[in-house]
Amino acid sequence: MLHTCNAGEVKANANLTAELNATVKLYAKWTANTYTVTYKANGGTGTTNQSTHSYDTEKALSSNAFSRNDYTFLGWSTDSSATIATYSNGQKVSTLAISGEVVLYAVWVKTGYSASWDIDKELEENDSYEQTISPGFNKQALLNNGYTKISLTLKFKHEENNAICFNDGRVQVYSNDGSVSFANESWDPKASENTYTLSISIDIVNLGSDGSFKVKYSTDDDKGNRYDGWYLRDPSVTITAS
């Protein structure tokens, strides 16, 4: 039933009069049914107020007031596991239900990641150290929602392990299977500890299903000499999808 008849209106106006043998016409008075929309954080924090709606009357959903670190809010869905939103933030709706309650869940996609590692590794001649960086993204969800790239900032401390070191340091960033190279950079380690920073953009389509990729640190010499290597210390990454 989409509307409710207010029978009480007849009682309130029951003092009706009519001519003998005349016909009295009574008209039903209808009121649109209402329903309540409840909003669930679905992994987020905070409170988003309920909204009350009338059937077949357009009204905006409540604006999202939830937040979630490293995630971007996409909108709302009746499915708590959705990766694509059915309703946008503040969207006007008219008929989500006939009556009762509708529950909408916040839809999130992970778009940020940062991590650091306590590493103190000596890389000697012909030596290397490889890391797999797994930010826990949902690659397909990012692509489905229009995200195409990640911005990666990689930092680490380095120091040559011999004052007469002729080696360059090298850092490579590439896909999990090694088929796509994202960066291949070298530098000259110094006698004192320094910080190397690499900032690049990577196409999401080339990442693993969880947004993963690999980083390789190694000794490298473009001068034709190989002596002692360098120390790798405390690498860290910051990643943002866009």
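Up top is the structure.
A brief report on the enclosed structure follows. (Residues numbered from 1 in each chain as written. Predicted model: local features only at pLDDT ≥ 70, side-chain atom pairs only at ≥ 80, totals over all residues. Heavy atoms only, no water.)

**Some points on the sheet that holds strand β16 (residues 213–220)**
Spatially, β11-β16-β13-β14 is the arrangement adopted by the four strands of the open sheet, whose pairing is antiparallel. Where the open sheet ends on each side, the last strands, each with one partner, are β11 (128–133) and β14 (181–187). Each neighbouring strand pair of the sheet contributes to a mean axis angle of 15°, computed without reference to strand direction. Sheet topology note: the strand β13 (residues 168–174)/β16 ladder contains seven bridges and is antiparallel. Note that in β16 the partner of D168 across the bridge is D220. (Pairing = 2+ DSSP bridges. Helix = DSSP H or I, 4+ residues; strand = E, 2+ residues; numbered from the N terminus. Axes fitted to C-alpha atoms, helices over the stretch in contact; angles between N-to-C directions.)

**Let's talk about the pattern of salt bridges**
If you walk through the whole model with that rule in mind, you get four salt bridges. A salt bridge links R233 to D120; its shortest N-O distance comes to 3.1 Å. In this pair, R233 sits in strand β17 (residues 230–241) while D120 sits in strand β10 (residues 120–123), placing the two residues 113 residues apart along the sequence. Put simply, D203 and K149 hold a salt bridge, and the shortest N to O gap is 2.4 Å. In this pair, D203 sits in strand β15 (residues 194–203) while K149 sits in strand β12 (residues 149–160), placing the two residues 54 residues apart along the sequence. Bridged by salt links that share partners, the residues D120, E159, E193 and R233 form one connected network. (Salt bridge = Lys/Arg side-chain N within 4 Å of Asp/Glu carboxyl O.)

**Re the packing of aromatic side chains**
Per the counting criterion, the structure on display carries eleven aromatic pairs. When the centroid spacing of 5.1 Å and the interplanar angle of 75° are considered together, the rings of W187 and W230 count as edge-to-face. Here W230 lies in strand β17 and W187 lies in strand β14, a separation of 43 residues in the sequence. The same class applies to W187 and to W230, which are both buried. Counting every residue linked through ring pairs, the aromatic cluster contains Y129, F156, W187, Y196, Y217 and W230. A cation over a ring is seen here: R68 above Y71, with NZ or CZ 3.7 Å from the ring centre. (Phe/Tyr/Trp six-rings, centres within 6.5 Å; stacked < 30°, edge-to-face > 60°. Buried < 20%, exposed > 50% of the residue type's maximum accessible area, 1.4 Å probe, protein only. Lys NZ or Arg CZ within 6 Å of the ring centre and 35° of its normal.)

**Observations concerning the sheet that holds strand β4 (residues 51–54)**
What holds strands together in a sheet is hydrogen bonding between their backbones, with the strands either parallel or antiparallel. If you walk across this open sheet you meet the four strands as β4-β3-β8-β6, and the pairing is mixed. Edge strands, defined here as strands with exactly one partner in the open sheet, are β4 and β6 (71–77). Across the sheet, the axes of successive neighbouring strands diverge by a mean angle of 30°, strand direction being ignored. Note: β6 against strand β8 (residues 100–110), six bridges, orientation antiparallel. Note on β8: the bridge partner recorded for W76 is A106.

**Examining unusual backbone geometry**
The backbone phi angle of D70 is positive, close to 70°, even though this residue is not glycine. Structurally, D70 can be placed in the loop between β5 (59–60) and β6. With a relative accessible area of 41%, D70 lands in the partly exposed category. Here the phi dihedral of D234 falls at roughly 50°; this positive angle occurs in a residue that is not glycine. Topologically, D234 is positioned in strand β17.

**Re the environment of L123**
The residue L123 is located in strand β10 in this model. Counting along the chain gives 109 residues from L123 to L232, while the straight-line C-alpha distance between them is 7.2 Å. When neighbours within four sequence positions are excluded, L123 is seen to be in contact with S128, Y129, Y217, S218, T219, G229, W230 and L232. (Contact = heavy atoms within 4.5 Å.)

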